[in-house]
Amino acid sequence: MYPDKNSTSAKLFERACQFMPGGNSRIAVYQAPYPIFIAEAKGARVKDVDGVERTDFINNQSALVHGHCFAPIVDAVSKQLHLGVSFSGPTQAEIELGQYMTGRVSSVERIRFTNSGSEAVMFAIKAARAYTGRYKIAKCEGAYHGSYDFVEISRGSGPATWGPRENPEKVPYTKGTPPTVSENTVVFPYNDVALAEALLTPEAANLAAIIVEPVSNRTGMIPGRAAFFDFLRRFSQQHGILLIYDEIISFRVGFGGAQERFPAPDLSTFGKVIGGGFPVGAVGGSKDVMEVFDQTKGSPAVPHTGTFNANPVSMVAGLAALTAFDQGQVAMLNQRGAAIRGEIGKIFAELGIEGQASGTGSLFRIHFRNNELTDHRSAYPTKPQEAAVQSLQREYTNRGIMVSANCSGNVSTAITEADIDQFLTTTRAALKAVQDGRAAG
Ligand SMILES: Cc1ncc(COP(=O)(O)O)c(C=O)c1O
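Residues numbered from 1 in each chain as written. Predicted model: local features only at pLDDT ≥ 70, side-chain atom pairs only at ≥ 80, totals over all residues. Heavy atoms only, no water.

A.B. asks: Sorry, what's going on with the domain arrangement of the protein here?
C.D. replies: Interface size is often expressed as the accessible area that is lost when the parts come together. Partitioning the protein into structural domains gives domain 1 (8–65 + 327–435) and domain 2 (71–324). Here domain 1 and domain 2 have C-alpha centroids that lie 25 Å from each other. Approximately 2600 Å² of surface area, both sides summed, lies buried where domain 1 meets domain 2, with 56% of it carried by carbon and sulfur atoms. Of all residues in domain 1, the largest losses of buried area upon contact with domain 2 belong to T360, H376 and R377, amounting jointly to 29% of the total for that side. Inspection of the domain 1/domain 2 interface yields 3 salt bridges. Between E141 and R377 there is a salt bridge; the shortest N-O distance is 2.8 Å. For the pair domain 1 and domain 2, the number of links is 17 residue pairs in polar contact (both at pLDDT 80 or more). (Domains from an automatic or database assignment. Buried area = accessible area lost by both parts, 1.4 Å probe. Salt bridge = Lys/Arg side-chain N within 4 Å of Asp/Glu carboxyl O. Polar contact = N/O pair within 3.5 Å; in protein donor to acceptor, adjacent residues only side chain to side chain.)

Structure representation (structure tokens):
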């Protein structure tokens, strides 16, 4: 059950609020009236501070592809802890993961590591600016690429603010964002070649980069259309713009990332799974573009700093995670993700509820709408749909399953067939409760 007012979670949150605004340091983990504090986890199971165990379909927003305490990661990190955790000097661990990534992702000839996906995106954009000598960037409406100002534009746009689809408003996300940030960002809808072309063309000569996700996270992990990616590649090449794929979530859907399905980008950003659960990010791409970071010939075009960049703990954890996430494991998780989406669709149909599970590979999201999901607007929930999603999420929580606040989730290698059966049985009961208006508020 959701912890009650006398629970340890409630008390910890009260205490947390005395020291931190909002009681934490990460908006995504807050839930009203108080978040569920975690005590420990192993494999697919997470135990909260009140001793309640749940099966984890969040896996720290998809970062933990092997679930919790995966033995090879624990071993690699334990060994590293005894050797030292960060130094003012490079380590071989960085080379190992760097070499591994360049072998695994064909568009990545060179790579550099950061501490988060947000930083990776920021440095990819800086690299594109330095390389092209231009400073504007283009991104898809509604897309989340982390917390760098320019990619935050339109991230939180909704019906009240988004304006006409043919010319989306550039809605700043953080109060106080300088107007120049919007002025230097072009926003276009995902998966729509005609509108992308119409919106990008007038700015083509000013654009340093187009950043796009091969799988659109905010719309429900839906796959990009081949024609859209073919267009973006052709257009960017034609106009000297760098094409950046944000693979921070989508990397796990293909051995070489989701980009295997599309023309190669100039740069890619990575995070989450490539750190095995430890803080990480990376920017990689062609040797030619990545030269902007090279500090061996004097001050580089893009000085890349960061006290914890490529720290050996994240590097060894990432290598352990990725070497165990081989072609077979990728295929297995993708097959399980597809099965979950298919079964959820059947449950909606059987119960006569309007809804679907969208997604790609091992990623899924549940929506209370039936229309085809192609972009931000087509997936944006109405108020009743949003309320239903919230009720469903609370039902899952009460019934021992963890999914994200927007009812998205993912499968880790720690999830068994039995866990999936439990998930689907729970989905049926939880949806029935939402349908009958019995859902917990
Ligand atoms: C597509 C995408 N880009 C960037 C980020 C930012 O990564 P981080 O949270 O590591 O800063 C995320 C995080 O969820 C993401 O999903």
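After that view, the rundown keeps rolling.
A.B. asks: Help me understand the pairing of strand β10 (residues 242–246), please; the structure alone is not making it clear to me.
C.D. replies: Looking along a regular strand, one sees side chains alternate from face to face of the sheet. Burial analysis of β10 places 5 of its 5 residues in the buried class, the great majority of the element. With burial as the criterion, each face of β10 is covered, one bearing L242, I244 and D246 and the other bearing L243 and Y245. In terms of strand pairing, β10 meets strand β11 (residues 267–271) through 3 bridges, oriented parallel. When the bridges of β11 are listed, I244 appears paired with L267. (Buried < 20%, exposed > 50% of the residue type's maximum accessible area, 1.4 Å probe, protein only. Helix = DSSP H or I, 4+ residues; strand = E, 2+ residues; numbered from the N terminus. Pairing = 2+ DSSP bridges.)

A.B. asks: Got a minute to help me understand the site of the ligand in this structure?
C.D. replies: Around the ligand, the neighbouring residues are S116, G117, S118, Y144, H145, G146, E213, N217, D246, I248, I249 and K272. A distance of 2.8 Å is found between an oxygen atom of the ligand and a backbone nitrogen or oxygen belonging to S118. Contacts to the ligand include D246, whose side-chain N or O atom sits 2.7 Å from a nitrogen atom. Expressed as a share of its isolated accessible area of 390 Å², the protein-covered part of the ligand is 83%. Broken down by class, the residue content of the shell around the ligand amounts to 3 nonpolar, 6 polar and 3 charged. (Near = heavy atom within 4 Å. Areas by Shrake-Rupley, 256 points an atom, 1.4 Å probe, with all protein chains shown as cover. Nonpolar A, V, L, I, M, F, W, Y, C, P; charged D, E, K, R; others polar.)

A.B. asks: Is there a simple way to think about helix α4 (residues 92–104) in this case?
C.D. replies: Note on helix geometry: an α-helix contains 3.6 residues per turn, so any two residues three or four positions apart are oriented the same way. With 13 residues, α4 extends 18 Å from end C-alpha to end C-alpha; this agrees with the ideal 18 Å at 1.5 Å per step. Residues of α4 that are buried: A93, L97, G98, M101 and R104. Projection of α4 onto a plane perpendicular to its axis shows the buried side chains occupying an angular sector of 130°, all on one side. Of the residues in α4, the exposed ones pointing more than 90 degrees away from the buried face are Q92, I95, Q99 and G103. Residues of α4 that are buried make contact with β4 (110–114), β11, α11 (312–324) and α12 (327–351). (Expected span 1.5 Å × (residues − 1). Arc of directions from axis to C-beta. Contact = heavy atoms within 4.5 Å.)

A.B. asks: Would you mind showing me how to read the sheet that holds strand β3 (residues 53–56) here?
C.D. replies: Sheet strands pair by backbone hydrogen bonding; their relative direction is either parallel or antiparallel. In space, the 4 strands of this open sheet follow the order β1-β2-β3-β15, with mixed pairing throughout. Here the strands that pair on one side only, and so sit at the sheet edges, are β1 (38–42) and β15 (401–402). Pairing geometry for strand β2 (residues 45–48) and β3, over 3 bridges, is antiparallel. Within the sheet, the bridge partner assigned to V46 lies in β3 and is R54.

A.B. asks: Sorry, what's going on with the nonpolar core here?
C.D. replies: Here is a general trend for soluble globular proteins: nonpolar side chains tend to be buried in one another's company. Judged by nonpolar contacts, the single largest core of 56 residues is most densely connected at M101, I274, F368, L392 and F423. Residue contributions to this core reach at least three from each of two domains, namely domain 1 (8–65 + 327–435) and domain 2 (71–324). Setting aside chain neighbours within four positions, we find I274 in contact with L97, M101, F113, F251, V280, A282, S314, G318 and L322. (Core = buried A, V, L, I, M, F, W, Y, C linked by side-chain atoms within 4.5 Å.)

A.B. asks: Would you explain the packing of helix α3 (residues 71–83) against α11 in this entry?
C.D. replies: The description of two packed helices rests on the angle between their axes and on the distance between the axes. At their nearest, the axes of α3 and α11 sit 8 Å apart, and the two run at 155° to each other. On the basis of their axis angle, the class for α3 and α11 is roughly antiparallel. As α3 packs across α11, the resulting crossing turns out to be right-handed. Facing P72, I73, A76, V77 and Q80 of α3, the residues of α11 in contact are P312, V313, V316, A317, A320 and A321. Taken together, the residues of the contact of α3 with α11 break down into 10 nonpolar, 1 polar and no charged. (Axes fitted to C-alpha atoms, helices over the stretch in contact; angles between N-to-C directions. Parallel < 35°, antiparallel > 145°, perpendicular 65-115°, else oblique. Left-handed = near helix turned anticlockwise from the far one by under 90°.)

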